[in-house]
Amino acid sequence: MTKYNITEKKEKEAAYRSLVSPKLMDEMKEKILHIIVMEKKYKDKNYSAKKLAEDLGTNTRYVSAVVNVRFHMNYTSFINKFRIEEAMAILVDRRYQDLRMEEVSDMVGFANRQSFYASFYKIMRMTPREYRIQQLAQHPSEKVRTLKRVAKKA
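Scope of this entry: the structure provided in the associated data block.

1. Brief notes about helix α4 (residues 75-92)
Compared with the 26 Å implied by 1.5 Å per residue over 18 residues, the 27 Å span of α4 between its first and last C-alpha is a close match. Along α4, the positions that sit buried rather than exposed are Tyr75, Phe78, Ile79, Asn80, Phe82, Arg83, Ile84, Glu86, Ala87, Met88, Ile90 and Leu91. In this fold, the buried residues of α4 make contact with α1 (22-38), α2 (49-56), α3 (60-71), α5 (101-108), α6 (113-124) and α7 (128-137). Measuring from the side-chain oxygen of the N-cap residue of α4 to the backbone nitrogen of Thr76 gives 3.2 Å; that N-cap residue is Asn74.

2. Here we look at α5
Residues of α5 that are buried: Met101, Val104, Ser105 and Val108. Around the axis of α5, the buried residues are gathered within 100° of arc, so they sit on the same side. In this structure, the buried residues of α5 make contact with α4, α6 and α7. Looking one or two residues past α5, Gly109 carries a phi angle of roughly 110°, positive in sign.

3. Quick notes on the packing of aromatic side chains
Under the criterion given, the structure shown has seven aromatic pairs. Ring geometry for Phe116 versus Tyr117: centroids 6.0 Å apart, planes at 90°, classification edge-to-face. Each of the two residues, Phe116 as well as Tyr117, counts as buried. Where Phe120 meets Tyr131, the ring centres are 5.6 Å apart and the plane angle is 65°; that geometry is what we call edge-to-face. Here Tyr131 lies in helix α7 and Phe120 lies in helix α6, a separation of eleven residues in the sequence. You can call Tyr131 buried: its relative accessible area is 8%. Put simply, the rings of Phe110, Phe116, Tyr117, Phe120 and Tyr131 pair up and form one aromatic cluster.

Rules behind the numbers
Residues numbered from 1 in each chain as written. Predicted model: local features only at pLDDT ≥ 70, side-chain atom pairs only at ≥ 80, totals over all residues. Heavy atoms only, no water. Helix = DSSP H or I, 4+ residues; strand = E, 2+ residues; numbered from the N terminus. Expected span 1.5 Å × (residues − 1). Buried < 20%, exposed > 50% of the residue type's maximum accessible area, 1.4 Å probe, protein only. Contact = heavy atoms within 4.5 Å. Polar contact = N/O pair within 3.5 Å; in protein donor to acceptor, adjacent residues only side chain to side chain. Arc of directions from axis to C-beta. Phe/Tyr/Trp six-rings, centres within 6.5 Å; stacked < 30°, edge-to-face > 60°.

Right under this line is the structure:
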C-alpha cells in the first residue's frame, strides 16, 4: 500500500494544445517562469491558473497548454514543484530548525499540512520530517542538536 494514496495520471492528448504556436509557447513559458519563480507567486496560496492567465493577458486554456507541453505537468504540480524545492532548503537550514512542519508548509504556500505532506511525498518519496532527519544525519555536527529539536516537535 502506498502512502497518501497517490496514483499516476494517465496521459491525455488535448486538442487545444495545438492551438498555441511553438513561438508563442516559448514566449509564454518565459513569462510564466518569471511570474511564478522570479516574483515567487508560488508562495501565494491563492495564486491560481486563472490569476496567472489574467497577468499574462490570456486565458487558462493557453496557460494550461503551455504548462503541459513545456513543463510536462499540470499547473498544480508545476507550482508544487517550486514549493517543495523551497521547503527542502528550509528543512535543512539551521535558521529554520525550530519551525514545525505546519510553519514550513505555510511559508512555501501550501494551504494545509496534509497537502504539503502529500506533495512532498509524491516528489521525494519520503515525508518532510524523514527528509529533514536524513539530511541532518549527513551533517554530524548538527545531528545531535537538531534531532533533539525534531523529536520534541514530533
